[in-house]
Amino acid sequence: METYHIPVLLKESVEALNIKDGGVYVDATLGGGGHTTAILESGKEITLFAFDQDPDALIHNEELAKKYAGKLFIINDNFANLRTQLSLHRIKKIDGILFDLGVSSHQINVDSRGFSFSLDGDLDMRMDQTRELTAKELINHFPYEELRNIFRDYGEEKQASRIAKAIVEAREEKPFSTTLELSEFLDRCTVGPKKLKIKARIFQAIRIFINGEIEVLKCALEDAVKILNPEGRIAVISYHSLEDRIVKKLFKFEEKDCICPPKLPICVCNKKSRLKILTRKPIIPSEEEIEKNNRARSAKLRIAKGTGNYEI
Ligand SMILES: C[S@@+](CC[C@H](N)C(=O)[O-])C[C@H]1O[C@@H](n2cnc3c(N)ncnc32)[C@H](O)[C@@H]1O
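Residues numbered from 1 in each chain as written. Predicted model: local features only at pLDDT ≥ 70, side-chain atom pairs only at ≥ 80, totals over all residues. Heavy atoms only, no water.

With that settled, the discussion passes to the site of the ligand. Close to the ligand lie 23 residues, the nearest being His-35, Asp-52, Phe-79, Asp-100 and Gln-107. Within the backbone of Gly-33, a nitrogen or oxygen atom sits 3.4 Å from an oxygen atom of the ligand. The protein chains hide 96% of the 600 Å² of surface that the ligand would expose on its own. For the shell around the ligand, the per-class residue count stands at seven nonpolar, 11 polar and five charged. (Near = heavy atom within 4 Å. Polar contact = N/O pair within 3.5 Å; in protein donor to acceptor, adjacent residues only side chain to side chain. Areas by Shrake-Rupley, 256 points an atom, 1.4 Å probe, with all protein chains shown as cover. Nonpolar A, V, L, I, M, F, W, Y, C, P; charged D, E, K, R; others polar.)

Below you can see the structure in the form of structure tokens.
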């Protein structure tokens, strides 16, 4: 069964990269290879590095790697290691980078990966299965306060405290083992008409924590800005407000020329603008795209270009 689905905001994100002959580009999130394929099919002579921390993505794209040998380099690593990995290929600067964040439809649709609350699988949720911490370990062993904070900070869930307390009590009787056990438990211990949304938020929170998604995103965006050529593009598709906020904030900070307190008569920080934002408001999918691909419904694309003001 084909488990990778239609790429989101495909045309818009590939256009965002402004692909030029001779350029070096990065797809930070290879997944099913939809964006990577479209970038390679742009008709320009380019080199493309595609990252994914999940070995399943590499297996899925084996044919693509063969077809574009010498042009496409697939790297099985976290995009947090962007600069280290590129330097192994003697690449110091890039002309464009795309992040299509979060989990792939493959990861959600394969029950054994444990990402979905409607499929029965092991409570796992690791994109990179060499990581030690699984969702099962987190749910069965983290103290109440930490669970509450994770549900509140990464799921923005109002019932975080009630849910964390209920989990801690229930696991004394019987530890949680599968996604459906947790999913059915959440149905029982939450109140109100929004049970499905609450479940989605709790699963999202666990996934974000297990994969260190927020910390990794911050540091990878900073690194990407550092290696962007003048006029080089950075494009980010995010799927929830936590991610989008980070992108928006970082773009705004990097666009500023001076960050001295306004009281100071002259600039002492010497900060230079390193990005120019190209999307004051994020690009969102058309209704037609959302109709064809429900996964696109929450997507937001933000684009910026490098100013060349980064000294490393
Ligand atoms: C939304 S999917 C990308 C889909 C892809 N653009 C396509 O066209 O099929 C996100 C992918 O990025 C990977 N990923 C998420 N965070 C990552 C990270 N920090 N480092 C490397 N890969 C990551 C996931 O494993 C997943 O395969």
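Here the narrative resumes.
Inside soluble globular proteins, nonpolar side chains tend to come together where they are buried. Core analysis: the largest hydrophobic core is formed by 65 residues, its most contacted members being Phe-99, Phe-151, Ile-206 and Ile-234. Taken domain by domain, this core gets at least three of its residues from each of domain 1 (10-106 + 213-306) and domain 2 (132-210). Apart from the residues lying within four places of it in its own chain, the contact partners of Phe-151 are Ile-139, Glu-156, Glu-157, Ala-160, Ile-163, Ala-164, Ile-167, Ile-202, Ala-205 and Ile-206. Formed by 26 residues, the second largest nonpolar core is a distinct cluster that contains Ile-39, Ala-57, Leu-64 and Ile-303. (Core = buried A, V, L, I, M, F, W, Y, C linked by side-chain atoms within 4.5 Å. Buried < 20%, exposed > 50% of the residue type's maximum accessible area, 1.4 Å probe, protein only. Domains from an automatic or database assignment. Contact = heavy atoms within 4.5 Å.)

Moving on to the pattern of salt bridges. Enumeration over the complete set of coordinates arrives at 20 salt bridges. With its nearest N and O atoms 2.9 Å apart, the salt bridge here joins Arg-113 to Asp-54. Taken together, the residues Arg-113 in the loop between α6 (105-109) and α7 (135-141) and Asp-54 in the loop between β2 (47-51) and α3 (55-60) connect sequence positions 59 residues apart. A salt bridge links Lys-305 to Glu-231; its shortest N-O distance comes to 3.3 Å. With a gap of 74 residues between them, Lys-305 in strand β7 (residues 300-306) and Glu-231 in strand β5 (residues 228-238) connect regions that are remote in the sequence. (Salt bridge = Lys/Arg side-chain N within 4 Å of Asp/Glu carboxyl O. Helix = DSSP H or I, 4+ residues; strand = E, 2+ residues; numbered from the N terminus.)

Moving on, we come to the domain arrangement of the protein. As assigned here, the protein comprises domain 1 (10-106 + 213-306) and domain 2 (132-210). The distance between the C-alpha centroids of domain 1 and domain 2 comes to 31 Å. Domain 1 puts 10 residues into the contact, and the matching count from domain 2 is six residues. Around 670 Å² of area is buried between domain 1 and domain 2 when both sides are counted, 46% of it from carbon and sulfur atoms. Per-residue buried area on domain 1 facing domain 2 is highest for Glu-213, His-240 and Leu-242; these three make up 60% of the total on that side. Joining domain 1 to domain 2, the criterion identifies two salt bridges. The residue Arg-245 makes a salt bridge to Glu-156 at a minimum N-O spacing of 2.9 Å. In this assembly, domain 1 and domain 2 are joined by five residue pairs in polar contact (both at pLDDT 80 or more). Per-element accounting of the side of domain 1 that touches domain 2 gives the leading share, four residues, to helix α13 (residues 241-255). Of the residues in the side of domain 1 that touches domain 2, the class split is three nonpolar, three polar and four charged. (Buried area = accessible area lost by both parts, 1.4 Å probe.)

On to the pairing of β2, then. The buried fraction of β2 amounts to four of the five residues, a majority that puts the element mostly inside the structure. Pairing geometry for strand β1 (residues 24-27) and β2, over four bridges, is parallel. Counterpart to Asp-27 in the pairing with β2 is Ala-50. Regarding topology, helix α2 (residues 34-40) serves as the crossover connection from β1 to the parallel β2, and that connection is right-handed. (Pairing = 2+ DSSP bridges. Right-handed = clockwise from strand over helix to strand, strands pointing away.)

Across the sheet, which stays open at both edges, the seven strands sit in the order β3-β2-β1-β4-β5-β7-β6 with mixed pairing between neighbours. Every interior strand has two partners, whereas the edge strands, β3 (72-75) and β6 (275-277), have only one. Here the strands of the sheet are splayed against their neighbours by 15 degrees on average, with no regard to which way each runs. In this sheet, β3 lies alongside β2 in parallel orientation, the contact comprising four bridges. Among the inter-strand pairings, Leu-48 is bridged to a residue of β3, identified as Leu-72. (Axes fitted to C-alpha atoms, helices over the stretch in contact; angles between N-to-C directions.)

Moving on, we come to the packing of helix α8 (residues 144-155) against helix α9 (residues 160-173). Running from N to C, α8 and α9 point in directions that differ by 140 degrees, and their axes come no closer than 8 Å. Between α8 and α9, the crossing angle belongs to the class labelled oblique. In this structure, α8 meets α9 at a crossing whose hand is right-handed. Contacts between α8 and α9 pair Tyr-144, Leu-147, Arg-148, Phe-151 and Arg-152 from the former with Ala-160, Ser-161, Ile-163, Ala-164, Lys-165, Ile-167, Val-168 and Arg-171 from the latter. For the contact of α8 with α9, the per-class residue count stands at eight nonpolar, one polar and four charged. (Parallel < 35°, antiparallel > 145°, perpendicular 65-115°, else oblique. Left-handed = near helix turned anticlockwise from the far one by under 90°.)

All told, the structure shown has six aromatic pairs when counted by the stated rule. With 5.1 Å between their ring centres and 90 degrees between their planes, Phe-79 and Phe-99 make a pair best called edge-to-face. Of the two residues, Phe-79 is situated in the loop between β3 and α5 (82-88) and Phe-99 in strand β4 (residues 94-100); the sequence distance between them amounts to 20 residues. For the residue pair Phe-79 and Phe-99, the accessibility class agrees, reading buried in each case. (Phe/Tyr/Trp six-rings, centres within 6.5 Å; stacked < 30°, edge-to-face > 60°.)

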